[in-house]
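So you can see what is in the structure, the chains are spelled out below.
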Amino acid sequence: MPRNIFVLTGAGVSAESGLGTFRDRKGQGIWARFDPMKLATPEAFARDPETVLAFYDSRRRNLREAKPNAAHLALARLEAGLAQRGGKLTLVTQNIDDLHERAGSRSVIHMHGELLKARCVGCDSVLSWLDDLRVGDVCRDCGRAGTLRPHVVWFGEMPFFMDLIDRALRRADLFVAIGTSGAVYPAAGFVADARACGVPTCEINLEAADNAGLFDEARYGPASETAPRWVDELIGPEP
Ligand code: OAD
C-alpha cells in the first residue's frame, strides 16, 4: 500500500457542495458565464476593482451556505489513516474554498489562495476575511486604506507554495488528481512531473480530463462516490 500519497484536488471535488466548476463539457462552467480576463487578473483589478471584488464577494457568500461533501470527508479520513500507519497525505488544492478544512483535513496546501482571506499589498499581511471586501477597506495590520485584495491567485500570477509542492511530489509514492480538468498550469503539469519521477498516477474525475492520457489509472464518476470508494480500498471502510 502506498504510504506517501500526493492528492491534487480541483473544483470537481466541491461541485457536489454546490460551488460550481469553471469548465465543463456542457459549457455551463463559471468561465463560460463570466469572463476570467475581467474578473481574475491583476489588470482587471487595477481597472475595475469594484467588479472584481463583487465577484469574489458573491463567491464568499455562496461558500458560507456550502457544506463539505463525502469526497472532502474521505480525504480527511485518508490523512488521519495514513498518519496512523506512519505515512503522509500531501493535499494540494486549487480550490479557494475551505471545505477540506471544514471536513477535518488538518494540512491543506492552497496553491491558488483562499477566498476567506485578504492580502495587503502595502505590508503583505494575510488577514482572515469572512465578509464582503470593499475598495477602501483598512488593513488591520498596517492601518492603510485601499491596499487590500482577495488572497487568491489570478491569471498571470505565480501560484503559492510551488517549492513545497515540488518537493512533496518527488517524495510521493502515488499521485492522484481528483476533480480537476487538467487545463490550468502549473497544476495540470504535476502528473507529468510525477511520471518523470517514476511516481504512479491516478485520475479520479467525472469524465476524462484534458491530460487524461498521462495517468496510469482512471476512475470516473462523481467524486462523492469515487473518492470514498478509493479511500476505503486503501485504508479500509469507516469503522
Ligand atoms: P475545472 O472547472 O476546470 O474542472 C473541474 C473538473 O471537475 C472537470 O474535469 C469536471 O469533469 C470535474 N467534475 C465536475 N463535477 C464533478 C464531480 N461531481 N465529481 C468529480 N469530478 C467532477 O476546475 P479546476 O481544474 O479546479 O484557477 O480548475 C483549475 C483552475 O482554473 C481553478 O483553480 C481556477 C480556474 O481558473 C484560478 O482561478 C486561478
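Scroll up to find the structure.
Quantities reported herein were computed from a predicted structural model and do not represent experimental measurements.

Trainee: Honestly, the nonpolar core in this entry has me stumped. Any pointers?
Mentor: The nonpolar side chains of a soluble globular protein tend to be buried with one another. Counting residues in each nonpolar core, the largest one holds 26 residues, and the members touching the most others are Tyr56, Leu148 and Trp154. Elements with a minimum of two residues in this core: helix H2 (30–33), helix H4 (42–47), helix H5 (49–65), strand E4 (113–120) and strand E6 (148–152). Each of two domains, domain 1 (1–19 + 70–112 + 159–239) and domain 2 (26–65 + 114–152), supplies a minimum of three residues to this core. Look past the residues within four positions of tryptophan 154 in its chain and what remains in contact with it is Leu39, Ala40, Thr41, Pro42, Phe45, Val52, Tyr56 and Arg149. Membership of the second largest hydrophobic core comes to 22 residues, among which are Leu75, Leu89, Val108 and Ile178.

Trainee: Where do I start with the pattern of salt bridges in this structure?
Mentor: Close approach of charged atoms lets side chains of opposite charge pair. The final tally for this structure, using the stated rule, is 11 salt bridges. One salt bridge connects arginine 60 with aspartate 57, and the closest N-O pair in it is separated by 2.8 Å. Here aspartate 57 and arginine 60 lie together in helix H5, a separation of 3 residues that amounts to about one turn. For arginine 60, a relative accessible area of 1% corresponds to the buried category. Residues aspartate 216 and arginine 195 are paired through a salt bridge, measuring 3.4 Å at the closest nitrogen-oxygen approach. Taken together, the residues span a long stretch of sequence, with aspartate 216 in the loop between strand E8 (201–205) and strand E9 (217–220) and arginine 195 in helix H9 (residues 190–196) at a distance of 21 residues. A relative accessible area of 38% means that arginine 195 is categorised as partly exposed. In this structure, a network of salt bridges that share partners links the residues Arg61, Asp132 and Arg134.

Trainee: Looking at this structure, I do not really get helix H10 (residues 223–235). What am I missing?
Mentor: For the α-helix, the turn length of 3.6 residues means that residues three or four positions removed from each other point alike. The end-to-end C-alpha distance of H10 is 18 Å, a good match for the 18 Å that 13 residues give at a rise of 1.5 Å each. Restricting attention to buried positions, one finds in H10 the residues Ala223, Thr226, Ala227, Pro228, Trp230, Val231, Leu234 and Ile235. Buried residues in H10 make contact with strand E1 (4–9), helix H1 (11–15), helix H6 (70–84), strand E7 (174–178), E8 and E9. In the segment just after H10, glycine 236 is the residue with positive phi, at about 90 degrees.

Trainee: Explanation requested: the packing of aromatic side chains in the structure shown.
Mentor: Where two aromatic rings form a pair, the distance of their centres and the angle of their planes describe that pair. Inspection of every chain in the model, using the stated rule, returns 11 aromatic pairs. With centroids separated by 5.6 Å and ring planes inclined at 40 degrees, the aromatic side chains of phenylalanine 6 and phenylalanine 175 adopt a geometry described as tilted. Of this pair, phenylalanine 6 sits in strand E1 while phenylalanine 175 is found in strand E7, placing the two residues 169 residues apart along the sequence. Feature note: the residues Phe22, Trp31, Phe34, Phe45, Phe55, Tyr56, Trp154 and Phe155 constitute an aromatic cluster, connected by ring pairs. Positioned above the aromatic ring of tryptophan 154, the side-chain terminus of arginine 149 is 3.9 Å from the ring centre.

Trainee: For this particular structure, what's the right way to read the sheet that holds E9?
Mentor: Backbone hydrogen bonds hold the strands of a sheet together, and the pairing may be parallel or antiparallel. The strand order across the open sheet formed by 6 strands is E3-E2-E1-E7-E8-E9, and the pairing between neighbours is parallel. If you trace the sheet from one side to the other, it starts and ends with strand E3 (108–110) and E9, each paired once. Averaged over all pairs of adjacent strands, the angle between strand axes in this sheet comes to 20 degrees, irrespective of strand direction. Bridge count for E1 against strand E2 (residues 88–93) is 6 bridges, and the pairing is parallel. Of the residues in E2, the one forming a bridge with asparagine 4 is lysine 88. In the packing of H6 onto the sheet, the strands contacted are E1, E2 and E7, and the crossing angle to E2 comes to about 150 degrees.

What counts and what doesn't
- Residues numbered from 1 in each chain as written.
- Predicted model: local features only at pLDDT ≥ 70, side-chain atom pairs only at ≥ 80, totals over all residues.
- Heavy atoms only, no water.
- Core = buried A, V, L, I, M, F, W, Y, C linked by side-chain atoms within 4.5 Å.
- Buried < 20%, exposed > 50% of the residue type's maximum accessible area, 1.4 Å probe, protein only.
- Helix = DSSP H or I, 4+ residues; strand = E, 2+ residues; numbered from the N terminus.
- Domains from an automatic or database assignment.
- Contact = heavy atoms within 4.5 Å.
- Salt bridge = Lys/Arg side-chain N within 4 Å of Asp/Glu carboxyl O.
- Expected span 1.5 Å × (residues − 1).
- Phe/Tyr/Trp six-rings, centres within 6.5 Å; stacked < 30°, edge-to-face > 60°.
- Lys NZ or Arg CZ within 6 Å of the ring centre and 35° of its normal.
- Pairing = 2+ DSSP bridges.
- Axes fitted to C-alpha atoms, helices over the stretch in contact; angles between N-to-C directions.

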